[in-house]
Amino acid sequence: MGQRYERIEGRIRTFIEQQPVFFTATAPLSGDGHVNLSPKGRSGTLVVIDGLTLAYLDFGGSSAETVAHLREEGNGRITLMWCAFSGPPKVLRVHGQGEAVFRDDPRWAELIGYFAEVDGPSARAIVLVRARRISDACGFAVPFMTYDEERTQHAEHFARKTDEEFAAYCEKKEHLGVSLDGLPALPLPLPARTV
């Protein structure tokens, strides 16, 4: 029942843009390393840049496993997944090559423009994903669930911090500079923003 797509456009793009939550999955190259699976939300934090490129904001939190896996030499594998919890059943996956763009990268100023409505001091990186495989599946086993509203705690908590306070917060966290498997994660001290 599944289908492959050459590009993220038309109804596939519309489907992605309508979902209030998506999931990211990454893993280190080592077979005994930790696989990471993360839910992502917050309206306006994921964009389709073109038919083969997506980007999402990586925010402050308790770890930086995705960033570490993307930075690992020879790795960068990432899968994004969306599920239809309402309407017709569908599961959509984008398998791709990811890259973490940090706040001191010359590309930051252009890329952060895609997220003008949600930018703030807690944006640690922008994750760029270049699609290698785009496919869907039936989603018949995914339950119907209703979307009530955004949770605001994360945005409100970090909106009260200055850039300096956020950088200090990051330096105190155990698995931000180094992943669970000892891979380099976020560059600490956190780079200053270019804009």
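Residues numbered from 1 in each chain as written. Predicted model: local features only at pLDDT ≥ 70, side-chain atom pairs only at ≥ 80, totals over all residues. Heavy atoms only, no water.

Bringing the side chain of Thr24 into the picture now. Looking at the element boundaries, Thr24 is found in strand E2 (residues 22-26). Contacts of Thr24, omitting those with residues within four sequence positions, involve Asn36, Leu37, Ser38, Lys40, Tyr56, Thr66, Ile78, Thr79 and Leu80. (Helix = DSSP H or I, 4+ residues; strand = E, 2+ residues; numbered from the N terminus. Contact = heavy atoms within 4.5 Å.)

The next subject is the packing of aromatic side chains. Per the stated rule, a full pass over the model turns up five aromatic pairs. Their ring planes at 90 degrees and their centres at 5.6 Å tell us that Phe158 and Phe166 sit as a pair that is edge-to-face. Consider the rings of Phe158 and Tyr169, whose centres lie 5.2 Å apart with planes at 75 degrees: the pair is edge-to-face. Pair noted here: Phe158 is in helix H4 (residues 153-159) and Tyr169 is in helix H5 (residues 163-172), with a separation of eleven residues, a long-range link. Grouping aromatic residues by their ring pairs yields a cluster made of Phe22, Tyr56 and Trp82. (Phe/Tyr/Trp six-rings, centres within 6.5 Å; stacked < 30°, edge-to-face > 60°.)

Side chains that are nonpolar tend, in soluble globular proteins, to be buried together. Grouped together as the largest cluster of nonpolar side chains are 21 residues, with contacts concentrated most on Ile8, Ile16, Leu54, Leu80, Trp82 and Ile134. At the level of secondary structure, the elements contributing two or more residues to this core comprise helix H1 (10-18), strand E4 (46-50), strand E5 (53-59), strand E6 (77-83), strand E7 (91-102) and strand E8 (123-137). When residues of this core are assigned to their parent elements, the largest contribution, four residues, is made by E8. Residue contacts for Ile8: discarding those within four places in its chain leaves Arg13, Ile16, Val48, Asp50, Gly51, Leu54, Val94, Ala131 and Ile134. Counting 16 residues, the second largest nonpolar core, distinct from the first, contains Ala64, Ala100, Tyr169 and Leu176. (Core = buried A, V, L, I, M, F, W, Y, C linked by side-chain atoms within 4.5 Å. Buried < 20%, exposed > 50% of the residue type's maximum accessible area, 1.4 Å probe, protein only.)

Tracing the chain through its elements places Thr79 in strand E6. Residue classification places Thr79 among the buried residues on the basis of a relative accessible area of 19%. A polar contact of 3.2 Å, which involves the side chain of Thr79, links it to the side chain of His95. If we ignore the near neighbours within four places in the chain, the residues touching Thr79 are Phe23, Thr24, Ala25, Arg93, Val94 and His95. (Polar contact = N/O pair within 3.5 Å; in protein donor to acceptor, adjacent residues only side chain to side chain.)

Take the pattern of salt bridges next. For the coordinates displayed, the defined rule picks out seven salt bridges. With its nearest N and O atoms 2.8 Å apart, the salt bridge here joins Lys90 to Asp136. Of the two residues, Lys90 sits in the loop between E6 and E7 while Asp136 sits in strand E8, which places them 46 residues apart along the sequence. Classification of Asp136 by relative accessible area gives buried; the value is 11%. Notably, a salt bridge pairs Asp105 with Arg107, separated by 2.9 Å at the nearest N-O pair. On the accessibility criterion, Asp105 (17% relative accessible area) is buried. (Salt bridge = Lys/Arg side-chain N within 4 Å of Asp/Glu carboxyl O.)

Right, let's get into unusual backbone geometry. Along the chain, Leu188 connects to Pro189 via a cis peptide bond; the corresponding omega equals 0 degrees. Mapping Pro189 onto the fold places it in the segment after H5. Even without a glycine there, the phi angle at Arg42 is positive, about 55 degrees. Inspection of the secondary structure assignment puts Arg42 in the loop between strand E3 (36-40) and E4.

Tracing the backbone through its elements, the reader meets Leu46 in strand E4. In this structure the C-alpha to C-alpha distance between Leu46 and Tyr114, which are 68 residues apart in sequence, comes to 8.8 Å.

A word on the pairing of E5. A regular strand places its side chains so that they alternate between the two faces of the sheet. In terms of residue burial, E5 counts as a mostly covered element, since seven of its seven residues are buried. Sheet topology places E4 next to E5; four bridges connect them, and they run antiparallel. In the sheet register, Val47 faces E5, and the bridge partner there is Ala55. Remark: two residues form the turn of the hairpin made by E4 and E5, two consecutive strands paired antiparallel. (Pairing = 2+ DSSP bridges.)

No statement about biological role is implied by the geometric values presented.
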